[in-house]
Amino acid sequence: MSAQKVAILGTVGVPGNYGGFETLADNLVRFHEATGRATELTVYCSAKAFDAQPDHYHRAALVYVGFDANGVQSIPYDIVGLVDAVRRGHDRILLLGVSGALILPLLRLLTKARIITNVDGIEWKRQKWRGLAKHYLRFAEWLAVRASDVVIADNQAIADYLKQSYGCDAEVIPYGGDHAVEAEADPAAAAHLPESYALGLCRIEPENNIGMILEAFDGLDMPLVFVGNWDKGEYGRALKAKYAGHPTITIHDPIYDPEGLREIRDRATLYLHGHSAGGTNPALVEMMHFGIPIAVHGCAFNRHTTEGQAVYFESAQELRDVVTGLAPEPAAQIGAQMVEIARRRYTWDAIGKAYFALLED
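Residues numbered from 1 in each chain as written. Predicted model: local features only at pLDDT ≥ 70, side-chain atom pairs only at ≥ 80, totals over all residues. Heavy atoms only, no water.

## Things to note about the nonpolar core
- Formed by 84 residues in total, the largest nonpolar core has its most connected members in Leu214 and Phe217.
- With residues near it in sequence (within four places) discarded, Phe217 still touches Ala198, Met222, Pro223, Leu224, Thr248, Ile249, Leu272, Leu319 and Val323.
- Ala69, Ile79, Val145 and Tyr161 belong to the second largest nonpolar core, which has 41 residues in total. (Core = buried A, V, L, I, M, F, W, Y, C linked by side-chain atoms within 4.5 Å. Buried < 20%, exposed > 50% of the residue type's maximum accessible area, 1.4 Å probe, protein only. Contact = heavy atoms within 4.5 Å.)

## Describing the packing of aromatic side chains
- Counted under the stated rule, the structure contains five aromatic pairs.
- Their ring planes at 70 degrees and their centres at 5.6 Å tell us that Phe226 and Trp230 sit as a pair that is edge-to-face.
- Note on Trp230: relative accessible area 1%, which makes it buried.
- For the cation-ring pair, Arg303 lies above Tyr312, with the distance from its terminal atom to the ring centre recorded as 4.2 Å. (Phe/Tyr/Trp six-rings, centres within 6.5 Å; stacked < 30°, edge-to-face > 60°. Lys NZ or Arg CZ within 6 Å of the ring centre and 35° of its normal.)

## Focus on the sheet that holds strand 14 (residues 311-313)
- Spatial strand order, 11-10-9-12-13-14: six strands in an open sheet with parallel pairing. The sheet is open, and its two edges are formed by strand 11 (249-252) and strand 14, each paired on a single side. Strand after strand, the sheet turns through a mean of 20 degrees between neighbouring axes, direction not considered.
- Relative to strand 14, strand 13 (residues 294-297) is paired through three bridges, and the arrangement is parallel. Bridge pairing in strand 14 links His297 to Phe313. (Pairing = 2+ DSSP bridges. Helix = DSSP H or I, 4+ residues; strand = E, 2+ residues; numbered from the N terminus. Axes fitted to C-alpha atoms, helices over the stretch in contact; angles between N-to-C directions.)

## Let's talk about the pairing of strand 10 (residues 224-227)
- Side chains Leu224 and Phe226 of strand 10 all project onto a buried face; the interleaved residues Val225 and Val227 project onto the opposite face, where all are buried too.
- Strand direction decides the pairing type here: strand 9 (residues 197-201) and strand 10, joined by four bridges, are parallel. Paired with Leu201 across the bridge in strand 10 is Val227.
- Following the backbone out of strand 10, through helix 7 (residues 234-243) and into the adjacent parallel strand 11, one traces a crossover that is right-handed. (Right-handed = clockwise from strand over helix to strand, strands pointing away.)

Dropping the structure here:
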(Lines give C-alpha, C1' and ligand atoms only; values in the text may rest on other atoms or scores of the structure.)
Protein backbone atom coordinates (compact mmCIF):
# COMPACT_ATOMS: atom_id res chain seq x y z
CA MET A 1 0.00 0.00 0.00
CA SER A 2 1.46 3.38 -1.03
CA ALA A 3 1.96 6.16 1.50
CA GLN A 4 -0.64 8.86 1.88
CA LYS A 5 0.10 12.07 -0.02
CA VAL A 6 -0.57 15.32 1.83
CA ALA A 7 -0.41 18.81 0.29
CA ILE A 8 -0.21 22.08 2.23
CA LEU A 9 -1.39 25.17 0.38
CA GLY A 10 -2.25 28.80 1.10
CA THR A 11 1.09 30.10 2.41
CA VAL A 12 3.94 32.01 0.83
CA GLY A 13 5.90 28.80 1.32
CA VAL A 14 8.79 27.38 3.29
CA PRO A 15 11.22 28.15 4.81
CA GLY A 16 8.77 30.31 6.73
CA ASN A 17 10.31 33.74 7.19
CA TYR A 18 7.29 35.76 8.26
CA GLY A 19 3.61 35.26 8.98
CA GLY A 20 1.53 32.87 11.05
CA PHE A 21 0.62 30.44 8.27
CA GLU A 22 4.21 30.28 7.02
CA THR A 23 5.45 29.50 10.53
CA LEU A 24 2.73 26.87 10.85
CA ALA A 25 3.67 25.20 7.55
CA ASP A 26 7.37 25.28 8.45
CA ASN A 27 6.74 23.63 11.81
CA LEU A 28 4.45 20.99 10.33
CA VAL A 29 7.28 20.10 7.91
CA ARG A 30 9.72 19.85 10.82
CA PHE A 31 7.27 17.79 12.90
CA HIS A 32 6.72 15.45 9.93
CA GLU A 33 10.48 14.86 9.70
CA ALA A 34 11.14 14.62 13.44
CA THR A 35 8.43 12.00 13.94
CA GLY A 36 9.52 9.93 10.93
CA ARG A 37 6.09 9.84 9.34
CA ALA A 38 5.55 7.75 6.22
CA THR A 39 3.22 10.39 4.74
CA GLU A 40 4.52 12.03 1.55
CA LEU A 41 4.33 15.76 2.23
CA THR A 42 4.24 18.55 -0.36
CA VAL A 43 4.21 22.30 0.33
CA TYR A 44 3.12 24.77 -2.36
CA CYS A 45 5.21 27.96 -2.52
CA SER A 46 5.08 31.26 -4.37
CA ALA A 47 7.73 31.35 -7.10
CA LYS A 48 7.78 35.14 -6.73
CA ALA A 49 8.87 34.95 -3.08
CA PHE A 50 11.94 32.73 -3.45
CA ASP A 51 15.01 33.42 -5.56
CA ALA A 52 16.39 29.97 -4.75
CA GLN A 53 13.83 27.25 -5.43
CA PRO A 54 15.02 23.87 -4.13
CA ASP A 55 12.74 20.91 -4.74
CA HIS A 56 12.78 19.77 -1.10
CA TYR A 57 12.81 21.32 2.38
CA HIS A 58 13.64 18.79 5.07
CA ARG A 59 11.56 15.80 3.87
CA ALA A 60 8.82 17.82 2.17
CA ALA A 61 8.63 18.23 -1.60
CA LEU A 62 8.21 21.81 -2.81
CA VAL A 63 6.07 22.94 -5.74
CA TYR A 64 6.23 26.54 -6.97
CA VAL A 65 3.30 28.53 -8.37
CA GLY A 66 3.91 31.68 -10.39
CA PHE A 67 1.66 34.09 -8.48
CA ASP A 68 2.01 36.16 -5.32
CA ALA A 69 0.54 34.43 -2.28
CA ASN A 70 -0.99 37.64 -0.91
CA GLY A 71 -3.35 40.30 -2.22
CA VAL A 72 -5.64 39.70 -5.17
CA GLN A 73 -3.17 37.20 -6.69
CA SER A 74 -3.78 34.90 -3.73
CA ILE A 75 -6.97 33.76 -5.48
CA PRO A 76 -5.34 32.32 -8.64
CA TYR A 77 -2.33 31.27 -6.53
CA ASP A 78 -4.46 29.00 -4.38
CA ILE A 79 -6.69 27.82 -7.23
CA VAL A 80 -3.75 26.80 -9.45
CA GLY A 81 -2.11 25.06 -6.50
CA LEU A 82 -5.29 23.19 -5.55
CA VAL A 83 -5.85 21.94 -9.09
CA ASP A 84 -2.22 20.82 -9.30
CA ALA A 85 -2.44 19.04 -5.95
CA VAL A 86 -5.46 17.08 -7.18
CA ARG A 87 -3.72 16.34 -10.50
CA ARG A 88 -0.73 14.91 -8.61
CA GLY A 89 -3.00 12.55 -6.69
CA HIS A 90 -2.82 13.95 -3.15
CA ASP A 91 -5.11 12.16 -0.69
CA ARG A 92 -5.25 14.99 1.84
CA ILE A 93 -5.27 18.71 1.12
CA LEU A 94 -4.63 21.24 3.89
CA LEU A 95 -5.72 24.71 2.74
CA LEU A 96 -4.60 27.57 4.96
CA GLY A 97 -6.97 30.50 4.38
CA VAL A 98 -10.01 30.85 2.13
CA SER A 99 -8.75 32.85 -0.87
CA GLY A 100 -8.92 29.86 -3.21
CA ALA A 101 -12.18 28.42 -1.89
CA LEU A 102 -13.93 29.33 -5.16
CA ILE A 103 -12.63 26.11 -6.71
CA LEU A 104 -13.47 23.77 -3.81
CA PRO A 105 -17.01 22.76 -4.92
CA LEU A 106 -15.61 21.70 -8.32
CA LEU A 107 -12.75 19.79 -6.71
CA ARG A 108 -15.26 17.86 -4.62
CA LEU A 109 -16.70 16.54 -7.88
CA LEU A 110 -13.29 15.65 -9.33
CA THR A 111 -11.48 14.05 -6.41
CA LYS A 112 -12.00 11.94 -3.33
CA ALA A 113 -9.21 13.79 -1.56
CA ARG A 114 -10.04 14.89 1.99
CA ILE A 115 -10.08 18.71 2.09
CA ILE A 116 -9.17 20.32 5.41
CA THR A 117 -9.38 24.11 5.60
CA ASN A 118 -8.11 26.50 8.26
CA VAL A 119 -10.41 29.49 7.75
CA ASP A 120 -8.02 31.94 9.45
CA GLY A 121 -9.34 34.89 11.44
CA ILE A 122 -12.74 35.85 9.95
CA GLU A 123 -10.82 37.83 7.34
CA TRP A 124 -13.80 39.66 5.87
CA LYS A 125 -14.39 41.50 9.15
CA ARG A 126 -10.93 43.07 9.19
CA GLN A 127 -10.75 46.84 8.76
CA LYS A 128 -8.26 46.62 5.90
CA TRP A 129 -10.79 44.92 3.59
CA ARG A 130 -13.49 47.00 1.95
CA GLY A 131 -15.91 46.82 -0.96
CA LEU A 132 -15.54 43.90 -3.36
CA ALA A 133 -12.64 42.32 -1.44
CA LYS A 134 -14.71 42.21 1.75
CA HIS A 135 -17.69 40.62 -0.03
CA TYR A 136 -15.48 38.08 -1.79
CA LEU A 137 -13.80 37.00 1.44
CA ARG A 138 -17.16 36.50 3.13
CA PHE A 139 -18.38 34.44 0.16
CA ALA A 140 -15.11 32.47 0.14
CA GLU A 141 -15.49 31.74 3.86
CA TRP A 142 -19.00 30.40 3.23
CA LEU A 143 -17.74 28.21 0.36
CA ALA A 144 -14.82 26.91 2.41
CA VAL A 145 -17.07 25.87 5.27
CA ARG A 146 -19.58 24.20 2.93
CA ALA A 147 -17.08 22.43 0.66
CA SER A 148 -14.45 21.24 3.16
CA ASP A 149 -14.49 17.86 4.87
CA VAL A 150 -12.98 19.39 8.01
CA VAL A 151 -12.82 23.03 9.10
CA ILE A 152 -10.13 24.23 11.50
CA ALA A 153 -10.45 27.32 13.69
CA ASP A 154 -7.40 28.63 15.52
CA ASN A 155 -9.44 30.05 18.41
CA GLN A 156 -12.56 28.99 20.31
CA ALA A 157 -14.19 32.35 19.57
CA ILE A 158 -13.85 31.64 15.83
CA ALA A 159 -15.27 28.14 16.34
CA ASP A 160 -18.23 29.72 18.15
CA TYR A 161 -18.73 32.15 15.26
CA LEU A 162 -18.63 29.32 12.70
CA LYS A 163 -21.15 27.31 14.71
CA GLN A 164 -23.50 30.28 15.03
CA SER A 165 -23.13 31.41 11.40
CA TYR A 166 -23.00 28.09 9.54
CA GLY A 167 -23.85 25.33 12.00
CA CYS A 168 -20.27 24.10 11.54
CA ASP A 169 -18.46 22.11 14.23
CA ALA A 170 -14.87 23.25 13.70
CA GLU A 171 -11.76 21.61 15.09
CA VAL A 172 -9.90 24.09 17.29
CA ILE A 173 -6.13 24.02 16.76
CA PRO A 174 -4.13 27.14 17.70
CA TYR A 175 -0.44 27.86 16.98
CA GLY A 176 2.78 26.91 18.68
CA GLY A 177 5.08 29.51 20.16
CA ASP A 178 7.92 27.59 21.78
CA HIS A 179 10.24 28.19 18.81
CA ALA A 180 10.57 31.78 20.04
CA VAL A 181 12.48 30.69 23.17
CA GLU A 182 14.67 28.15 21.34
CA ALA A 183 16.73 30.74 19.43
CA GLU A 184 20.03 31.99 20.87
CA ALA A 185 19.78 35.65 21.85
CA ASP A 186 21.89 38.21 19.98
CA PRO A 187 22.89 40.93 22.51
CA ALA A 188 23.76 43.36 19.72
CA ALA A 189 20.11 43.54 18.69
CA ALA A 190 19.13 45.43 21.85
CA ALA A 191 22.39 47.20 22.70
CA HIS A 192 20.81 50.57 21.86
CA LEU A 193 17.71 49.99 24.01
CA PRO A 194 16.95 50.50 27.72
CA GLU A 195 17.80 47.69 30.13
CA SER A 196 14.09 46.93 30.57
CA TYR A 197 10.90 48.15 28.95
CA ALA A 198 7.36 47.37 27.91
CA LEU A 199 7.30 45.76 24.46
CA GLY A 200 4.91 45.98 21.55
CA LEU A 201 5.59 43.77 18.52
CA CYS A 202 3.24 43.41 15.56
CA ARG A 203 2.18 44.48 12.08
CA ILE A 204 1.33 48.16 12.16
CA GLU A 205 -2.37 48.11 11.32
CA PRO A 206 -5.31 50.06 12.82
CA GLU A 207 -7.05 46.94 14.16
CA ASN A 208 -3.98 46.26 16.31
CA ASN A 209 -4.63 49.50 18.22
CA ILE A 210 -1.07 50.77 18.09
CA GLY A 211 -2.21 54.37 18.41
CA MET A 212 -4.07 53.50 21.60
CA ILE A 213 -0.97 51.88 23.12
CA LEU A 214 1.31 54.79 22.20
CA GLU A 215 -1.18 57.28 23.60
CA ALA A 216 -1.33 55.33 26.87
CA PHE A 217 2.48 55.43 27.28
CA ASP A 218 2.83 59.09 26.35
CA GLY A 219 3.63 60.62 29.73
CA LEU A 220 4.39 57.39 31.59
CA ASP A 221 7.82 56.83 33.12
CA MET A 222 8.03 53.23 31.92
CA PRO A 223 9.95 52.98 28.63
CA LEU A 224 8.11 51.48 25.66
CA VAL A 225 9.79 49.79 22.70
CA PHE A 226 7.42 49.16 19.81
CA VAL A 227 8.68 47.01 16.94
CA GLY A 228 6.85 46.89 13.63
CA ASN A 229 6.69 47.67 9.91
CA TRP A 230 6.01 51.40 10.41
CA ASP A 231 6.76 52.36 6.81
CA LYS A 232 4.34 49.88 5.26
CA GLY A 233 1.35 52.26 5.16
CA GLU A 234 0.11 55.74 5.98
CA TYR A 235 -1.19 54.68 9.41
CA GLY A 236 2.26 53.55 10.53
CA ARG A 237 4.12 56.45 8.94
CA ALA A 238 1.88 58.97 10.72
CA LEU A 239 2.43 57.34 14.12
CA LYS A 240 6.16 57.07 13.52
CA ALA A 241 6.35 60.77 12.71
CA LYS A 242 4.25 61.72 15.73
CA TYR A 243 6.37 59.81 18.26
CA ALA A 244 9.81 60.19 16.68
CA GLY A 245 12.27 61.47 19.26
CA HIS A 246 9.94 60.77 22.19
CA PRO A 247 11.88 60.56 25.49
CA THR A 248 10.42 57.21 26.62
CA ILE A 249 8.92 55.67 23.46
CA THR A 250 11.19 53.94 20.93
CA ILE A 251 9.71 53.41 17.47
CA HIS A 252 11.71 50.42 16.19
CA ASP A 253 11.94 49.01 12.68
CA PRO A 254 10.85 45.38 12.19
CA ILE A 255 13.13 42.54 13.31
CA TYR A 256 12.83 39.22 11.53
CA ASP A 257 15.84 37.18 12.62
CA PRO A 258 15.06 34.82 15.54
CA GLU A 259 18.22 35.74 17.45
CA GLY A 260 17.44 39.44 17.42
CA LEU A 261 13.82 38.83 18.38
CA ARG A 262 14.92 36.65 21.28
CA GLU A 263 17.12 39.42 22.71
CA ILE A 264 14.45 42.09 22.28
CA ARG A 265 11.88 39.87 24.01
CA ASP A 266 14.23 38.77 26.80
CA ARG A 267 14.68 42.35 27.99
CA ALA A 268 10.94 43.10 28.15
CA THR A 269 9.21 43.19 31.54
CA LEU A 270 5.69 43.68 30.12
CA TYR A 271 4.20 42.69 26.78
CA LEU A 272 1.44 44.74 25.14
CA HIS A 273 -0.92 43.15 22.65
CA GLY A 274 -3.51 45.38 21.00
CA HIS A 275 -4.93 42.98 18.39
CA SER A 276 -8.71 43.15 18.28
CA ALA A 277 -9.30 40.78 15.34
CA GLY A 278 -7.93 37.62 13.81
CA GLY A 279 -8.29 34.74 16.26
CA THR A 280 -5.27 33.29 18.05
CA ASN A 281 -2.35 35.55 17.22
CA PRO A 282 1.08 33.90 16.84
CA ALA A 283 2.93 36.85 18.41
CA LEU A 284 0.82 36.53 21.56
CA VAL A 285 1.37 32.79 22.05
CA GLU A 286 5.08 33.27 21.39
CA MET A 287 5.34 35.95 24.10
CA MET A 288 3.40 33.80 26.57
CA HIS A 289 6.42 31.46 26.60
CA PHE A 290 8.60 34.24 28.06
CA GLY A 291 6.84 34.22 31.42
CA ILE A 292 6.27 37.97 31.73
CA PRO A 293 2.98 39.77 32.46
CA ILE A 294 0.87 40.47 29.40
CA ALA A 295 -1.64 43.26 28.86
CA VAL A 296 -3.97 42.47 25.96
CA HIS A 297 -6.94 44.03 24.23
CA GLY A 298 -10.04 42.60 25.85
CA CYS A 299 -11.63 41.03 22.75
CA ALA A 300 -12.96 37.47 22.94
CA PHE A 301 -10.07 36.04 20.88
CA ASN A 302 -7.44 37.24 23.35
CA ARG A 303 -9.43 36.21 26.41
CA HIS A 304 -9.70 32.67 25.05
CA THR A 305 -6.00 32.58 24.18
CA THR A 306 -4.95 33.70 27.66
CA GLU A 307 -7.73 31.78 29.48
CA GLY A 308 -8.81 35.02 31.16
CA GLN A 309 -5.58 35.17 33.19
CA ALA A 310 -3.88 38.22 31.58
CA VAL A 311 -4.78 41.87 32.21
CA TYR A 312 -7.07 43.53 29.67
CA PHE A 313 -7.70 46.98 28.23
CA GLU A 314 -9.94 48.55 25.61
CA SER A 315 -8.86 52.19 25.81
CA ALA A 316 -5.70 54.22 26.36
CA GLN A 317 -6.83 55.18 29.85
CA GLU A 318 -7.52 51.55 30.80
CA LEU A 319 -4.05 50.56 29.62
CA ARG A 320 -2.48 53.47 31.50
CA ASP A 321 -4.27 52.35 34.66
CA VAL A 322 -3.09 48.76 34.14
CA VAL A 323 0.55 49.79 33.73
CA THR A 324 0.62 52.15 36.72
CA GLY A 325 -1.33 49.78 38.96
CA LEU A 326 0.51 46.51 38.24
CA ALA A 327 2.43 45.62 41.41
CA PRO A 328 5.46 43.26 41.28
CA GLU A 329 3.80 40.25 42.93
CA PRO A 330 0.63 40.18 40.76
CA ALA A 331 2.82 40.82 37.70
CA ALA A 332 4.96 37.77 38.52
CA GLN A 333 1.84 35.67 39.03
CA ILE A 334 0.44 36.69 35.64
CA GLY A 335 3.77 35.86 33.98
CA ALA A 336 3.78 32.42 35.63
CA GLN A 337 0.21 31.78 34.48
CA MET A 338 1.04 32.81 30.91
CA VAL A 339 3.98 30.42 30.62
CA GLU A 340 1.98 27.56 32.20
CA ILE A 341 -0.78 28.02 29.61
CA ALA A 342 1.76 28.32 26.79
CA ARG A 343 3.60 25.11 27.70
CA ARG A 344 0.30 23.26 28.04
CA ARG A 345 -1.42 24.50 24.87
CA TYR A 346 0.95 26.31 22.51
CA THR A 347 3.85 24.00 21.63
CA TRP A 348 4.59 22.82 18.11
CA ASP A 349 4.65 19.23 19.28
CA ALA A 350 1.03 19.50 20.42
CA ILE A 351 0.01 21.41 17.29
CA GLY A 352 1.78 18.93 14.99
CA LYS A 353 0.04 15.98 16.65
CA ALA A 354 -3.36 17.66 16.27
CA TYR A 355 -2.86 18.48 12.58
CA PHE A 356 -1.48 15.09 11.57
CA ALA A 357 -4.28 13.35 13.47
CA LEU A 358 -6.61 15.00 10.95
CA LEU A 359 -4.33 14.65 7.94
CA GLU A 360 -3.70 10.95 8.50
CA ASP A 361 -7.22 10.04 9.66
